[in-house]
Amino acid sequence: MRKIVVLLCCALLGVAAASAQDRDVVAGIPVNYDETKVGDYKLGLPDPLTFNNGKPVKNARQWKKRRAEIVKLFEENQYGKWPAKKPALRYDVQQDLGFDGTAVRKQITLYFTEFNDGPRVDVLLYLPKDAAGPTPILLNLNFSQNNLAVSDPGVKPGRRWDPKTRTMSEMPAMQMPGGMRFGMDATIKTYLKEGFGFATLCYTDITPDFEDNDELGLRGLYHTPGAPRADNDWGSISAWAMGVSRLMDYFEKDPDVDATRVALTGCSRLGKTTIWTGAIEPRIKVVMPSCSGEGGAAISRRNYGETVAHLAEKTRFPYQFCPKYGYWGDKVHEMPVDAHMLVALIAPRPLLLQTGSTDIWSDPKGEWLALVEGRKVYQLLGQDVPTADEMPAPDQPYYTTLGYVMHEGGHGIMPQDWTYYLEFMKRHL
Ligand code: GCU
């Protein structure tokens, strides 16, 4: 039964999760899983606490300036830059009770234009029924449409892109064996019981997840037909981040939500989105990327598992990044950024890196090393960090402000990860 669920999930969600793991060559590029062949990740590794002009960063005030330099480097070399102006924001909210009357349920639609058939995002938000005031929230970026994420009658049908017709169509809840869906009900109910709200949205509502998507979704609003992509043109990850930023604007207007206490999580490409969103959207208070791997929190200079070259190869995911990203594929040691700087950009806010012990494609050790190399920024800002250099064993969480936990197992969010996130939120929100 479990296998059926996994297969269904992968097919439906388009997750390449386990696909590339275990292969020696991906997209014609060899994959290394031998620790003796990873090379020296420190070679050319930029120092987050040294300005581009070589001067040292000595205090929190100087860090602010250095931080701005690093954001720019990521915009120019990895994710691309947001257009100067955010899109318009309108929304409507349908409120009732969900989960058999036990929770407040809000179905929020964000519209980015004046037209209802323009790009729009459906957000599903549950709040504890007995909340005394504005509630802190966990926002989960989901591969699944809202009506497939929970078994809660009355959740609006989500929509799915067809890459062939390049249009979206509604997706009624699928009749899975036993009416099974994606089983987030129990998780959400646990969070509600602990006094947190839980919001989820399907990331492709914001902008699609396939190549040549320039004129579609949120990115489409900024596209000039026929215009070539600039080196720093935003990729889909940056566009997904902007969708979240717009949702923060909504949260600030919702009196039931404590917009100063929002945590964000998402897995895999949505883990990459989570950490980049945290970097450029300071209103996200707690950042918890899951298995973000290459292009996320794993050090790129380690030749282990997926590399920049794999990600940016033309048949894979170049559209998720800016065009310049691929340039670094065969000269990664010259790249002006690396994952430890992404870690540093979240400081002093709480960051929990969640990985999986057998998720070798995503390089859990590379994420640990990003923490080791990035922690001095947290320390400069007076925050607690793991001081050990050795990677912790599976399921031994560090709940320090800069935290790390590696579940025993592979790619994805495992049941115990929801418990780790909850504990981290309780300590830091
Ligand atoms: C692929 C890709 C990863 C990515 C993952 C996902 O495996 O190589 O970088 O994280 O897809 O998003 O599912």
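You'll find the structure just up there.
Each chain has its residues counted from 1, running along the sequence as written. Residue-level local features of this predicted model are given only where pLDDT is at least 70; pairs of side-chain atoms are given and counted only at 80 or more, and the full residue set underlies all totals for whole chains, interfaces and linings. Hydrogens and water are ignored here; the side-chain numbers use all heavy atoms of the structure.

(A) Structural view of the overall build of the chain. When its secondary structure is counted, the chain shows 11 helices and 13 strands. For the chain, whose C-alpha radius of gyration is 20 Å, the value lies close to the compact-globule estimate of 22 Å for 429 residues. Expressed as a percentage of the 429 residues in the chain, the buried residues total 58%. Counted over contacts in the chain with a minimum sequence separation of 6, partners at least 24 positions apart contribute 69%. All accessible-area figures derive from a Shrake-Rupley calculation using a 1.4 Å probe, and residue coverage is judged against the displayed protein chains alone. Taken as a whole, the chain presents about 17,400 Å² of accessible surface, with 53% of it coming from carbon and sulfur. Under the scheme used here, helices are H or I runs from DSSP no shorter than 4 residues and strands are E runs no shorter than 2 residues, and both carry numbers assigned from the N terminus. Radius of gyration here uses only the C-alpha atoms, and the compact-globule reference equals 2.2 Å multiplied by the residue count raised to the power 0.38. Using a 1.4 Å probe on the protein chains alone, a residue whose accessible area is under 20% of its type maximum counts as buried, one over 50% counts as exposed, and one in between counts as partly exposed. Here, residues are in contact when the closest pair of their heavy atoms is within 4.5 Å.

(B) View of the pattern of salt bridges. Salt bridge, as used here: a side-chain nitrogen of Lys or Arg that lies within 4 Å of a carboxyl oxygen of Asp or Glu. If you walk through the whole model with that rule in mind, you get 30 salt bridges. Here Arg283 ties to Glu252 by a salt bridge, and the two come within 3.2 Å at their closest N and O atoms. Note that Arg283 is positioned in the loop between α7 (269–280) and β11 (286–290) and Glu252 in helix α6 (residues 236–253), a separation of 31 residues in sequence. Arg283 sits in the partly exposed class, given a relative accessible area of 22%.

(C) Examining helix α9 (residues 339–346) more closely. With eight of its eight residues buried, α9 lies for the most part within the structure. What α9 keeps buried is the set Ala339, His340, Met341, Leu342, Val343, Ala344, Leu345 and Ile346. Residues of α9 that are buried in the fold lie against α2 (60–77), α7, β11, β12 (351–356), α10 (364–380) and β13 (402–407).

(D) Region of the structure containing the sheet that holds strand β6 (residues 135–142). Here, any two strands with at least 2 DSSP bridges between them count as paired. Overall, mixed pairing links the nine strands, which are arranged β3-β4-β5-β9-β6-β10-β11-β12-β13 in an open sheet. If you trace the sheet from one side to the other, it starts and ends with β3 (90–98) and β13, each paired once. Taking each pair of neighbouring strands and ignoring which way they run, the sheet shows an average axis angle of 20 degrees. In the sheet, β6 pairs with strand β10 (residues 257–267) via five bridges, with the strands oriented parallel. For Leu139, the partnering residue across the bridge sits in β10 and is Leu264. Note on definitions: angles span 0 to 180 degrees between N-to-C directions of axes, and those axes are lines fitted to C-alpha atoms, for helices only across the stretch in contact. Its contacts with the sheet place α10 against β12 and β13, and it is angled at close to 170 degrees to β13.

(E) Summary view of the environment of Lys86. The topology assignment puts Lys86 in the loop between α2 and β3. Between the C-alpha atom of Lys86 and that of Phe112, which follows or precedes it by 26 residues, the distance is 9.1 Å. Leaving out residues up to four positions away in the same chain, Lys86 has contacts with Tyr222, Met242, Ser245, Arg246, Asp249, Glu281 and Arg283. Counted as a polar contact is a pair of N or O atoms within 3.5 Å, where, for protein atoms, one must be capable of donating a hydrogen and the other of accepting one, and residues adjacent in sequence contribute only when both atoms are in side chains. Here the side chain of Lys86 touches Ser245 through a polar contact of 2.7 Å, side chain to side chain.

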